Amino acid sequence: MARSGNFGDVVERIFQVTTGILALAFLASGILFLWNGHVTVTAFDMWHLYTVSLNQPFWQAALLKYGSHSMFFPTLLWSIDIAWFRSNQQLLFVIGLALLILSAIVLFVGTWQEKTIGTTAKLVATLVVVVANFSMTRASITAIGPFNCICSLVVVGALAAFYTLALICGGTRPYWTLMILVVTSGLIASFSFGSGFAVWPTLLILGWSARLSWRTLGLILAVGIVAVITYGVLPGAAPEITPENAISLGTALRRFCSLLGTPFLYAAAAWSSPALSPAAAQSSSIPVVCGTLGVGLAAGAVMPRLVRRDLGTSKLQFIALALTVFNFVAMGFIVIGRTAHMHVSPVEVVAPRYMFWSSLFWAGLFLIFVQNVDSKKWARWPTFSALSALPLLIFPEHYQAAAWGRHVHLIMESAATSLINGVCDTDMVAQMYPTPATVYSLAKQYRQRRLDMFADGLQDWIGVSETNLFGGHYKSVELKGSIAVQSLVRCANGAPAARVTGWAIERETSIPKQLILVNAGGKVCGLARPTEIRTNINSQYKLPKFAASGFLGYIPDYNPQTPYFVRSADDNRLSRETLRVTSSVPMAASN
């Protein structure tokens, strides 16, 4: 018997070490992939939001609803960034990542303060939290700084409210200080994004289940009502379902289940070779089936607590239930608020960006399982083993999403390169935002105020002599590569501009940060930056797989009769070596 006990202890210790290593490895890969693939320039809806922030008084911009969302607190962040840090998107990414890490820390604290479960259960719960928060399946939100600031502010605010309410349930004093923290955190969540309003019904459900006083429940309800009324009087459009976009209860439930079950669809699809097409994603039954299972499990976890009102003082149980209910309600808000959009674009139901919320829903459920099965020998090891396999099961999707994030990063850099050069490559800019006119209009203000991609002043190089750059300092860097005119576009004044592409490398080991395009007289005529992953070049020179060795650049006011050359411009020097820009018969302008 002693030997059997010792053997069991060894097995459990090995399992604990393995689980801890998996958690650390997944955390490291998630942060590394995010850093490598995050967007560093203004992208997507932020072009509209920054247009509002730059052209309206601060308070008017902060109070205005956008897409039926009140984003008061995130607007404070990027307004400060615009005013003091020249709209540095890298800074917003770091802030968003810090908020993401903070939300995970709150869950870690709740897990490791729990006294009703053992070390093995805590390690499994930690792994669940890491996978839910740092999986690249959420990259459509977490890889874009302002988007991550918006959504992670909601999560941090909500978790802070839930954790503080758990302290009240445990009898922690002083009561009124904690209640102020609860309602303040709830308001931060509510006025960071529309989904944040799910915090109020969640707090009421938790308070009722924990048998909190009527005074506490009444205060939460009152502040929630005030928040809703405040939201209603803020300027901007509120969600509206027109008669032609009304849906049946069955359709609403199907969409709801699809939103909840989408993580399983993409995780399963990543194990197959062909990429998942939008049509296949929309027609798959996996999201509906898994979402329906999630609804049943959530009901089984929540309903007994509501009926028996026996939530107790366990912080892990409290926060796990809160996470499940909060994201359950948030998904309901999405179904209601996005009804018209889902009517026009049915594939929206399985859009990857909603996995930011559904992943937390499943994390809450899994945390509930961890606590419930830790004392049940028959269910303990099967559950722990299955949950510990999560990093391995979703790693193909994690990796593919990392590659997607890097691809989006390079597309945004390509569009920014066209803006820096002052050309109208609308095909490229349209990938930044579907209304290029908005981008070009705001880019003029960016250029004048030296914001975002114009903050480093690269645009000022164009038109000056190369000898005026870096004090005329040149250095041999063994520049190799091939740059050629790919096609013609137009400058803002209608003059022709050349789009040039190719590859470049220094000393066969590093990639230049930028190239300058000069004419025979040494005048800088354009800039090129690394924006494409050239797999053949990377393998030939043993560069990292995701390294962008391919360059995109432009030559404004292009003259096909003029010879052009390339130098690298890095580390306060120009390369002594030059590459000749090759050209073919100019094509018709594409813009």
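This text gives an overview of the structure that appears in the document. (Residues numbered from 1 in each chain as written. Predicted model: local features only at pLDDT ≥ 70, side-chain atom pairs only at ≥ 80, totals over all residues. Heavy atoms only, no water.)

## Examining the overall build of the chain
Part 1 of the argument: What the chain contains, in helices and strands, is 22 helices and 12 strands.
Part 2 of the argument: Its C-alpha atoms give the chain a radius of gyration of 27 Å, near enough to 25 Å, the size a compact globule of 591 residues would have.
Part 3 of the argument: Across the 591 residues of the chain, 56% fall into the buried class.
Part 4 of the argument: Partitioning the contacts of the chain with sequence separation of at least 6, the portion at a separation of at least 24 is 74%.
Part 5 of the argument: For the chain, the accessible surface area stands at approximately 25200 Å², while carbon and sulfur atoms represent 64% of it.
Part 6 of the argument: A gap of 8 Å separates the mean positions of the 41 positive and 26 negative side-chain charges of the chain. (Helix = DSSP H or I, 4+ residues; strand = E, 2+ residues; numbered from the N terminus. Rg over C-alpha atoms; globule rule 2.2 N^0.38 Å. Buried < 20%, exposed > 50% of the residue type's maximum accessible area, 1.4 Å probe, protein only. Contact = heavy atoms within 4.5 Å. Areas by Shrake-Rupley, 256 points an atom, 1.4 Å probe, with all protein chains shown as cover. Lys, Arg positive; Asp, Glu negative; His and termini not counted. Charge placed at Lys NZ, Arg CZ, Asp CG, Glu CD.)

## Here's the deal with the packing of aromatic side chains
Part 1 of the argument: As enumerated under the stated definition, the model contains 25 aromatic pairs in all.
Part 2 of the argument: Members of the aromatic cluster, joined through ring pairs, are Phe256, Phe264, Phe328, Phe361, Trp362, Phe366 and Phe369.
Part 3 of the argument: Note that Lys65 overlies the ring of Tyr231, its terminal NZ or CZ placed 4.7 Å from the centroid.
Part 4 of the argument: It is Arg138 that lies over the ring of Phe356; its NZ or CZ is 4.0 Å from the centre. (Phe/Tyr/Trp six-rings, centres within 6.5 Å; stacked < 30°, edge-to-face > 60°. Lys NZ or Arg CZ within 6 Å of the ring centre and 35° of its normal.)

## Examining the state of the cysteines
Part 1 of the argument: Scanning the model with the defined rule gives zero disulfides in all.
Part 2 of the argument: Free of any disulfide, Cys424 has its nearest neighbouring cysteine sulfur in Cys491, separated by 7.6 Å.
Part 3 of the argument: Here Cys491 falls in the buried class, since its relative accessible area comes to 7%. (Disulfide = S-S within 2.5 Å.)

## Overview of the side chain of Lys122
Part 1 of the argument: Along the polypeptide, Lys122 turns up in helix H6 (residues 119-134).
Part 2 of the argument: Buried within the structure, Lys122 lacks any salt-bridge partner; its nearest side chain of opposite charge belongs to Glu114, at an N-O separation of 7.8 Å.
Part 3 of the argument: Those residues in contact with Lys122 that lie beyond four places of it in its chain are Thr111, Trp112, Glu114 and Ile117. (Salt bridge = Lys/Arg side-chain N within 4 Å of Asp/Glu carboxyl O.)

## A short note on the environment of Leu276
Part 1 of the argument: Summarising the element assignment, Leu276 is placed in the loop between helix H12 (249-269) and helix H13 (278-283).
Part 2 of the argument: Distance in space between the C-alpha atoms of Leu276 and Leu265 is 9.4 Å, their sequence separation being 11 residues.
Part 3 of the argument: Filtering out sequence-adjacent residues up to four positions away, Leu276 remains in contact with Leu265, Tyr266, Ala269 and Ala281.

## Let's talk about the pattern of salt bridges
Part 1 of the argument: Counted according to the given criterion, the structure contains 14 salt bridges.
Part 2 of the argument: A salt bridge links Arg567 to Glu466; the nearest nitrogen and oxygen atoms lie 3.1 Å apart. Of the two residues, Arg567 sits in strand S10 (residues 564-570) while Glu466 sits in the loop between helix H21 (436-449) and strand S4 (474-475), which places them 101 residues apart along the sequence.
Part 3 of the argument: In this structure, Glu532 engages Arg534 in a salt bridge whose closest nitrogen and oxygen atoms are separated by 3.2 Å.
Part 4 of the argument: What makes Glu532 partly exposed here is its relative accessible area of 35%.
Part 5 of the argument: A network of salt bridges, in which partner residues are shared, links Glu12, Asp374 and Arg380.

## Side note on a nonpolar patch on the surface
Part 1 of the argument: Among the surface-exposed residues, Ile101, Leu102, Ile105 and Val109 lie close enough to one another that they form a single nonpolar patch of about 270 Å² accessible area.
Part 2 of the argument: Tracing the backbone shows Ile105 in helix H5 (residues 89-112).
Part 3 of the argument: Using a relative accessible area of 39% as the deciding quantity, one classes Ile105 as partly exposed. (Patch = residues over 30% accessible without salt bridge, like charges linked within 9 Å, V, L, I, M, F, W, Y side chains within 5 Å.)

## Observations regarding the nonpolar core
Part 1 of the argument: Counting residues in each nonpolar core, the largest one holds 161 residues, and the members touching the most others are Trp357, Leu419, Met432 and Met453.
Part 2 of the argument: The residues contacting Met432, other than those within four sequence positions of it, are Val41, Thr42, Ala43, Phe44, Trp47, Met412, Ala415, Ala416, Leu419, Val439 and Met453.
Part 3 of the argument: Core analysis: the next-biggest nonpolar cluster, separate from the first, contains 19 residues, Leu517, Cys525, Ala528 and Val581 among them. (Core = buried A, V, L, I, M, F, W, Y, C linked by side-chain atoms within 4.5 Å.)

## Focus on the environment of Leu367
Part 1 of the argument: With respect to the helices and strands, Leu367 occurs in helix H17 (residues 355-373).
Part 2 of the argument: Taking relative accessible area as the criterion, Leu367 reaches 1% and is therefore assigned buried.
Part 3 of the argument: For the pair formed by Leu367 and Arg138, sequence separation is 229 residues and the distance between their alpha carbons is 19 Å.
Part 4 of the argument: What Leu367 contacts, discounting residues up to four positions off in sequence, is Ala125, Val128, Val129, Leu316 and Ala320.

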